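Architecture at a glance
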Amino acid sequence: MNGDPKLYALLEQLGIDFEYLEHPEAPTIEIAKQYWAGHQAQHCKNLFFRNHKGNQHYLVLLNCDQNMAIHDIEKQLHQGKLSFASEQRLMKYLGVKPGSVTPFGLINDEEHHVIVFIDKTLQQAEKVSFHPCVNTASLIIKREDLVKFLDYCGNRYEWLEVY
């Protein structure tokens, strides 16, 4: 299986079942959508930001069809001016490369530095999908298992009503 072996071991330890979808590299939602066809899950767009000072980082999980400009996200999060985090910051905090952003990367954030914001519409999803730290596969898990995973990781997270 493609992805972080440490992630698969943790999912097994937590009793989180998943459906594994292997596919060609899919660094964008537009590309990934063609590989998700026919799979019953709410697919997610995952964005990684830093604040203006660069001393705080945010992972934002959205419905993949949700379009939000960075300015709109700034207003929603009330965290000041944001910018996309660099490749170096992605690797440092989530252990992933651009195009592979995922909440599963939180297993690499041992200091629980990253704050997670989750689109409230995902609360209605029975299943959600994310890359397993690489963009050549997707994992479909139950929404409640996402919550179990986040609780285990220990990062602060908040459900956000996206408008």
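Since this is a predicted model, take the numbers as computed values, not measurements.

A few words on the pairing of strand S3 (residues 57-63). The buried fraction of S3 is high, at 7 of 7 residues. As paired strands, strand S2 (residues 42-51) and S3 are joined by 7 bridges and run antiparallel to one another. Within the sheet, the bridge partner assigned to Phe48 lies in S3 and is Leu59. Between the end of S2 and the start of S3, which pair antiparallel, lie 5 residues, with Gly54 showing a positive phi angle near 80 degrees.

Topologically, Tyr20 is positioned in strand S1 (residues 19-22). In the structure, Tyr20 is positioned 109 residues away from Ser129 in sequence and 9.6 Å away in space, judged by C-alpha atoms. Those residues in contact with Tyr20, other than ones at most four positions away along the chain, are Met1, Asn2, Tyr8, Ala137, Ser138 and Leu139. In terms of polar contacts, Tyr20 uses its side chain to reach the backbone amide nitrogen of Asn2, at 2.7 Å. At 3.1 Å, the side chain of Tyr20 forms a polar contact with the side chain of Glu22.

Bringing the state of the cysteines into the picture now. What makes a disulfide is a covalent bond joining the sulfur atoms belonging to two cysteines. Enumeration over the complete set of coordinates arrives at 0 disulfides. Residue Cys44 stays outside any disulfide, its sulfur separated by 7.3 Å from that of Cys64, the closest cysteine. Assessed through its relative accessible area of 4%, Cys44 is described here as buried. There is no disulfide at Cys153, and the cysteine sulfur nearest it, in Cys133, is 9.7 Å away.

So, how was this worked out
- Residues numbered from 1 in each chain as written.
- Predicted model: local features only at pLDDT ≥ 70, side-chain atom pairs only at ≥ 80, totals over all residues.
- Heavy atoms only, no water.
- Buried < 20%, exposed > 50% of the residue type's maximum accessible area, 1.4 Å probe, protein only.
- Helix = DSSP H or I, 4+ residues; strand = E, 2+ residues; numbered from the N terminus.
- Pairing = 2+ DSSP bridges.
- Contact = heavy atoms within 4.5 Å.
- Polar contact = N/O pair within 3.5 Å; in protein donor to acceptor, adjacent residues only side chain to side chain.
- Disulfide = S-S within 2.5 Å.

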